[in-house]
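A structural walkthrough
Below, each chain spelled out in residue letters.
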Amino acid sequence: MRQRYPQAYIAVLASSYNVDAIRNNPDVDEIFIFLKRQQKDTGYGILATLWRRWQLLLTLRQIGFDTVVLANGGWRYARQLGSRMVGFRERDNPDHRQPQVIVPLADPRGTHEVRKMAALGAALDVTDALGPQVLVPDQELQERTRAALSAGGWRADKPTLAVHISSRRPQQRWPEAQFSAFLALLHAAEPEFQFLLLWSPGSANDPMHPGDDDKATAIQVNCRAQGIPLFPMPTRRVAELVAACSCAQRFIGSDGGAMHVAAALGLPMVCFFGDSSAAEWHPWGVPYVMLQPKSQRVDSLTVEEALSAWARLNTSLMQGTISQGKPPLRFQELPGQLPSNWPV
């Protein structure tokens, strides 16, 4: 968009959850933050949140945007801005409650989200919006993160695997025992690697924002007992997650925000998919091997399958045989045996 319209004023309306993924983006002139009522750490009560929403709406109306791109729906709110709306057909709305410019999408479930956004761009004469992605870590936070890791024994000159263990959805979770066994076997086979343990802090019983403190503690205890170089990094904000992932060269974890952060930072990865749509959400623009079992539950994946995926990823990187634009590799396609030098 910036290349096509270098003089344009480009603003992004982001939620208070995901705004850190847009901060520092050189192509964005201004970011407006939409507070979510269910978010606990905004510092505002419900009435104050609603009041700030009303103030935000007035501010956006006063700017007078020529065009509003509905990247994720939202006709009901965007219509109040009085701007031309570009978006996809909103399934539950009648014809008179649709964007003025409707971008056709033949197969929503079979089209990757990046390609969907590129289709919206094409409606504005932006002809090449398929990447690369842009995600800029906060430099000060990145330096603090690296300093904290170094104080704990992490070395910037050694390869690092970011291991993300959290997922809000039960179908996407790999259990603690599998993660612990995976790390033990990987450390035995490739002792030069060190590991960043990333998770969403808090209690697993929190209905709004379940955390994985107990799971992370168990993994740390197991790794400490075996001398595995594991560096715990709970991430409360997306900015912290970005800074942590920027210290790694590889990533493993389930489909979710952390996986896409790692992909935007260019990390090759092994990723787990449960019942989410791989066609829509697979990592974009990086080498990856995806595991999605027939059960559509990540907890049915075995440690051996994850190790095979890791071996295939790294072998393919060395040989240059993994394509970043082809459909995802499923675990049924992986080699049936581990390399001979792997301990089992």
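Not measured: the values here are computed from a predicted model. (Residues numbered from 1 in each chain as written. Predicted model: local features only at pLDDT ≥ 70, side-chain atom pairs only at ≥ 80, totals over all residues. Heavy atoms only, no water.)

1. Focus on the sheet that holds strand S5 (residues 101–102)
- The sheet built from 3 strands is open, its strands ordered S3-S4-S5 with parallel pairing. Each edge of the open sheet is held by one strand with a lone partner, namely strand S3 (67–70) and S5.
- Pairing analysis gives 4 bridges linking S3 to strand S4 (residues 84–87), with the strands arranged parallel. Bridge pairing in S4 links Val-68 to Met-85. (Pairing = 2+ DSSP bridges. Helix = DSSP H or I, 4+ residues; strand = E, 2+ residues; numbered from the N terminus.)

2. Let's talk about the side chain of Ser-166
- The topology assignment puts Ser-166 in the loop between strand S6 (160–164) and helix H5 (176–189).
- Polar side-chain contacts of Ser-166 include one of 2.9 Å to the backbone nitrogen of Ser-200.
- In contact with Ser-166, other than residues within four places in its own chain, are Trp-199, Ser-200 and Asp-212. (Polar contact = N/O pair within 3.5 Å; in protein donor to acceptor, adjacent residues only side chain to side chain. Contact = heavy atoms within 4.5 Å.)

3. Re the packing of aromatic side chains
- Taken as a whole and assessed by the stated rule, the structure comprises 5 aromatic pairs.
- When the centroid spacing of 4.8 Å and the interplanar angle of 55° are considered together, the rings of Trp-174 and Phe-272 count as tilted. Of the two residues, Trp-174 sits in the loop between S6 and H5 while Phe-272 sits in strand S10 (residues 269–272), which places them 98 residues apart along the sequence. Across the pair, exposure class does not vary: Trp-174 and Phe-272 are buried alike.
- Where Phe-193 meets Trp-310, the ring centres are 5.4 Å apart and the plane angle is 80°; that geometry is what we call edge-to-face. (Phe/Tyr/Trp six-rings, centres within 6.5 Å; stacked < 30°, edge-to-face > 60°. Buried < 20%, exposed > 50% of the residue type's maximum accessible area, 1.4 Å probe, protein only.)

4. Let's talk about the nonpolar core
- Counting 31 residues, the largest nonpolar core has Leu-161, Trp-174, Phe-182, Phe-195 and Phe-272 as the members making the most contacts within it.
- Counting only elements with at least two residues in this core, the list comes to S6, H5, strand S7 (194–199), helix H6 (213–225), S10, strand S11 (288–291) and helix H10 (303–319).
- The element contributing the most residues to this core is H10, with 6 residues.
- Once you skip the residues sitting within four places of it in the chain, Trp-174 turns out to touch Phe-179, Phe-182, Lys-215, Phe-272, Val-298, Asp-299, Leu-301, Thr-302, Val-303 and Ala-306.
- Core analysis: the next-biggest nonpolar cluster, separate from the first, contains 29 residues, Leu-135, Val-242, Ala-278 and Met-290 among them. (Core = buried A, V, L, I, M, F, W, Y, C linked by side-chain atoms within 4.5 Å.)

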